[in-house]
Amino acid sequence: MIALRYQFSPGSRDLKRLIGITRSPMYSHMTSSIHGLKVIRSYHAELICGEQFFRYLEDNTRVAFLINTLNRWAAMRFDWLSILFITLVTGFAIIARITQQKFSAADIALTLTLSVNLMGLLVGRNNVERKNVERKNVEREMSKEKDRIYNLLNK
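All values reported here derive from a predicted model rather than from experimental measurement.

## Description of the overall build of the protein chain
Part 1 of the reasoning: Looking only at helices and strands, the protein chain has four helices and zero strands in total.
Part 2 of the reasoning: Counting helices and strands in the order they occur from the N terminus, the protein chain gives α-α-α-α.
Part 3 of the reasoning: Burial statistics for the protein chain: of 155 residues in total, 22% are counted as buried.
Part 4 of the reasoning: Considering only contacts in the protein chain between residues 6 or more positions apart, those separated by 24 or more positions represent 82%.

Take a look at the structure:
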């Protein structure tokens, strides 16, 4: 689990940095287009500006797709490790029950419950935290952008 996390973290960090790098030109292009809207319309350059914006948007979307792919890759690996761990715990609990009569069915149930909870904490917390942080960042950026556009249009 720890080795997988060490393998996953650098790639995730670099992709998050890349999404910030590709998001910046998109926002600056949108801001400059809104500020220079009269000039763009007077020179009939709407198509050129639109194409440039869509290139920036496509670059940003490619990186976002890579982040989603990496997150799914890590989630699948964490899930497989969880299944392997729970299978091993179950197997050892059954073997202990068969070889030693001191290990009751309640002890097996408690062991399985604790192992499932442990794996849920290790895997689920990572996914939920990541999604909450991403959702909050997107909401913050959208509200800032909405306020900027609203202020520019009402000047």
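What follows picks up the thread again.
## Here's the deal with the pattern of salt bridges
Part 1 of the reasoning: With the rule as written, the count across this model stands at three salt bridges.
Part 2 of the reasoning: Three or more residues are tied together by salt bridges with common partners; here these are E58, D59 and R62.

## Quick notes on the nonpolar core
Looking at soluble globular proteins, one finds that nonpolar side chains tend to be buried together.
Part 1 of the reasoning: Grouped together as the largest cluster of nonpolar side chains are eight residues: F8, L15, I19, V63, I67, L70, A74 and F78.
Part 2 of the reasoning: Looking at this core, the elements with two or more residues in it are helix 1 (2–35) and helix 3 (46–99).
Part 3 of the reasoning: Looking at which element gives the most residues to this core, the answer is helix 3, with five residues.

## Here's the deal with a nonpolar patch on the surface
Part 1 of the reasoning: A cluster of nonpolar residues, L81, L84, L88, F92 and I95, forms a patch on the protein surface that exposes about 480 Å² of accessible area.
Part 2 of the reasoning: Tracing the chain through its elements places F92 in helix 3.
Part 3 of the reasoning: We classify F92 as exposed; its relative accessible area is 58%.

## Observations regarding the side chain of T22
Part 1 of the reasoning: One can find T22 in helix 1.
Part 2 of the reasoning: Side-chain polar atoms of T22 contact the backbone oxygen of I19, separated by 3.2 Å.
Part 3 of the reasoning: Excluding anything up to four places from it in sequence, T22 contacts Y56, D59, N60 and V63.

## Here's the deal with unusual backbone geometry
Part 1 of the reasoning: With a phi close to 55°, H44 is a non-glycine residue in the positive phi region.
Part 2 of the reasoning: Positionally, H44 belongs in the loop between helix 2 (37–42) and helix 3.

## Describing the confidence of the model for the protein chain
Caution is warranted with low-pLDDT regions, since their predicted coordinates should not be read in detail.
Part 1 of the reasoning: With 78% of its residues at a pLDDT of at least 70, the protein chain reaches an overall mean of 80.
Part 2 of the reasoning: The secondary-structure element of the protein chain with the lowest mean pLDDT is helix 4 (residues 105–153), recorded at 69, while helix 2 shows the highest, at 89.

So, how was this worked out
- Residues numbered from 1 in each chain as written.
- Predicted model: local features only at pLDDT ≥ 70, side-chain atom pairs only at ≥ 80, totals over all residues.
- Heavy atoms only, no water.
- Helix = DSSP H or I, 4+ residues; strand = E, 2+ residues; numbered from the N terminus.
- Buried < 20%, exposed > 50% of the residue type's maximum accessible area, 1.4 Å probe, protein only.
- Contact = heavy atoms within 4.5 Å.
- Salt bridge = Lys/Arg side-chain N within 4 Å of Asp/Glu carboxyl O.
- Core = buried A, V, L, I, M, F, W, Y, C linked by side-chain atoms within 4.5 Å.
- Patch = residues over 30% accessible without salt bridge, like charges linked within 9 Å, V, L, I, M, F, W, Y side chains within 5 Å.
- Areas by Shrake-Rupley, 256 points an atom, 1.4 Å probe, with all protein chains shown as cover.
- Polar contact = N/O pair within 3.5 Å; in protein donor to acceptor, adjacent residues only side chain to side chain.
- pLDDT = per-residue confidence, 0-100.

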